[in-house]
Amino acid sequence: MCLAIPAEIMEIHEEMATVKVGGAVRKASLTLLPEEVSVGDYVIVHAGFALHKVDPREAEESLRLLRELGSHA
């Protein structure tokens, strides 16, 4: 099962972004995004693709809930 998760954009180089999820740093393609994004924005990432921009408060709350769920596993 795959999960789409919020990630903060740390760096952008052409159509690829370096994103941070918690302490993990990954690469994500920006080719599917319908809107422009900047460093510091949050995006929903699924299978290596950023799908859409998300409100930072919403992203932080989603990450908090995922951490909470992980601590009960």
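Structural data are supplied above this passage.
Scope of this entry: the structure provided in the associated data block. Keep in mind that this is a model prediction, so the values were computed, not measured. Within any chain, residue numbers begin from 1 and follow the written order of that chain's sequence. Confidence filtering applies because this is a predicted model: local features only for residues at pLDDT of at least 70, side-chain atom pairs given and counted only at 80 or more, and all residues used for totals across whole chains, interfaces and linings. The side-chain figures draw on all heavy atoms in the structure; neither hydrogens nor water molecules are used.

**Some thoughts on the pattern of salt bridges**
Step number 1: Each salt bridge in this description consists of a side-chain nitrogen of Lys or Arg and a carboxyl oxygen of Asp or Glu lying within 4 Å of one another. Under the counting rule described, the total for this entry stands at four salt bridges.
Step number 2: Of the charged contacts in the structure, one is a salt bridge between Asp-41 and Lys-53, with a shortest N-O distance of 3.6 Å. Of this pair, Asp-41 sits in the loop between β3 (24–29) and β4 (42–46) while Lys-53 is found in strand β5 (residues 49–54), placing the two residues twelve residues apart along the sequence.
Step number 3: Exposure is judged per residue with a 1.4 Å probe applied to protein chains only, and the accessible area is read against the type maximum: over 50% gives exposed, under 20% gives buried, and values in between give partly exposed. Using a relative accessible area of 17% as the deciding quantity, one classes Asp-41 as buried.
Step number 4: Among the residues examined, Lys-53 registers a relative accessible area of 38% and is labelled partly exposed.
Step number 5: One salt bridge connects Arg-64 with Glu-68, and the closest N-O pair in it is separated by 3.0 Å. Of this pair, Arg-64 and Glu-68 both sit in helix α1 (residues 56–71), four residues apart, roughly one helical turn. Every helix listed is a DSSP run of H or I at least four residues long, and every strand listed is a run of E at least two residues long, numbered separately from the N terminus.

**A few points about the side chain of Ser-29**
Step number 1: Inspection of the secondary structure puts Ser-29 in strand β3.
Step number 2: Each polar contact in these results corresponds to two N or O atoms within 3.5 Å; when the atoms are within protein, one needs to be able to donate a hydrogen and the other to accept it, and residues that are neighboring in sequence are counted only if both atoms are side-chain atoms. Looking at Ser-29, its side chain comes within polar contact range of the side chain of Thr-31, at 2.9 Å.

**Here we look at the pairing of β5**
Two faces make up the sheet, and in a regular strand the side chains alternate between them.
Step number 1: We treat two strands as partners when DSSP finds at least two bridges between them. Where β4 and β5 come together, five bridges link them in antiparallel fashion. Looking across to β5, one finds that Tyr-42 is bridged to Val-54.
Step number 2: Between the antiparallel neighbours β4 and β5 lie two residues, among them Ala-47 with a positive phi of about 55°.

Geometric values such as these leave the question of function open.
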